[in-house]
Amino acid sequence: MKSYPYLRAYMAGVAVPTVFLLVVFSAFCVVRFAYNPDLPIERVLVFPLALVPAIWGGWNMVYVALRGHRRLPLGVHGALVPAFLVPFALVVGPTLGFDLRSVTNGIAIVAPLLMIIYYLVWKYLVGFLNEMLGIA
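Quick caveat, the model's predicted, so the values are computed rather than measured.

Analysis parameters
Residues numbered from 1 in each chain as written. Predicted model: local features only at pLDDT ≥ 70, side-chain atom pairs only at ≥ 80, totals over all residues. Heavy atoms only, no water. Helix = DSSP H or I, 4+ residues; strand = E, 2+ residues; numbered from the N terminus. Expected span 1.5 Å × (residues − 1). Core = buried A, V, L, I, M, F, W, Y, C linked by side-chain atoms within 4.5 Å. Buried < 20%, exposed > 50% of the residue type's maximum accessible area, 1.4 Å probe, protein only. Contact = heavy atoms within 4.5 Å. Bend = angle between axes of the 7 residues up to and from the residue. Phe/Tyr/Trp six-rings, centres within 6.5 Å; stacked < 30°, edge-to-face > 60°. Axes fitted to C-alpha atoms, helices over the stretch in contact; angles between N-to-C directions. Parallel < 35°, antiparallel > 145°, perpendicular 65-115°, else oblique. Left-handed = near helix turned anticlockwise from the far one by under 90°. Nonpolar A, V, L, I, M, F, W, Y, C, P; charged D, E, K, R; others polar. Polar contact = N/O pair within 3.5 Å; in protein donor to acceptor, adjacent residues only side chain to side chain.

Draft legend 1. Structural context of helix H4 (residues 81-95). If you check H4, its first and last C-alpha atoms are 22 Å apart, about what 15 residues at 1.5 Å a residue would give, namely 21 Å. Immediately beyond the C-terminal end of H4, within one or two residues, lies glycine 97, with a positive phi of roughly 95°.

Right, dumping it as structure tokens:
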């Protein structure tokens, strides 16, 4: 199966966060309908549910497109995703009505941890899907 490598790369990149976000959305439904908290959780979930899978798919397409020109392993390539997502969230968040001043203090701790998690997920899960689809 050698046709449409970018479509296969997009599908492999989209699969992992989509499954994870289904688990997060299920937990959200349980919390929202069982405990009825006064937090605007829906507004927080819009960004991940709408954009993160598409960003992962596009990022995996970039990895495949740069296949001949790079020496970057897949895990390191995936660990760079938070370097783009965190500043994007910090810029877009206030325009959507989120007060992120308290969050910016913890970014020095959260960003490296997020990069480690992304490294492992991209290396093992997305890498497995890329191999399975023949685009590794």
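Draft legend 2. Main features of the nonpolar core. In this structure, Val16, Trp56, Val81, Tyr118, Trp122 and Val126 are the most contacted members of the largest nonpolar core, which totals 18 residues. With near-sequence residues (within four places) excluded, tryptophan 56 lies in contact with Gly13, Val16, Pro17, Val81, Tyr118, Val121, Trp122 and Val126.

Draft legend 3. Focus on helix H6 (residues 107-132). In this model, H6 (26 residues) spans 35 Å end to end at C-alpha, consistent with the 38 Å of a helix rising 1.5 Å per residue. Its axis deflected by about 35° at tryptophan 122, H6 carries its strongest bend there. Those residues of H6 that fall on the buried side of the exposure criterion are Tyr118, Val121, Trp122, Val126, Gly127, Leu129 and Asn130. Phi turns positive one or two residues past the end of H6, at glycine 134, with a value near 75°.

Draft legend 4. Spotlight on the packing of aromatic side chains. For the structure on display, the rule yields four aromatic pairs. Geometrically, the ring pair formed by phenylalanine 25 and phenylalanine 28 is tilted, given 5.8 Å between the ring centres and 35° between the ring planes. A residue pair is termed a helical-turn pair when its members lie 3 or 4 positions apart in one helix, as phenylalanine 25 and phenylalanine 28 do in helix H1 (residues 5-35) at three residues. Residue classification places phenylalanine 28 among the buried positions, given a relative accessible area of 11%. Connected via pairs of aromatic rings, a cluster forms that spans Trp56, Tyr118 and Trp122.

Draft legend 5. Broad picture of the packing of H1 against H6. At a closest axis distance of 9 Å, the pairing of H1 and H6 adopts a crossing angle of 130°. As the angle between them shows, H1 and H6 are arranged oblique. As H1 packs across H6, the resulting crossing turns out to be right-handed. When H1 is examined against H6, the residues Ala12, Ala15 and Val16 are found in contact with a partner set consisting of Val121, Leu125, Val126, Leu129 and Asn130. Looking at the contact of H1 with H6 residue by residue, the classes come out as seven nonpolar, one polar and no charged.

Draft legend 6. Geometry of the side chain of asparagine 60. As for its position among the elements, asparagine 60 is in helix H2 (residues 41-65). A polar contact is formed between the side chain of asparagine 60 and the side chain of asparagine 130, at a distance of 2.9 Å. When sequence neighbours within four positions are dropped, the list of residues in contact with asparagine 60 reads Ala9, Ala12, Gly13, Leu74, Trp122, Val126 and Asn130.

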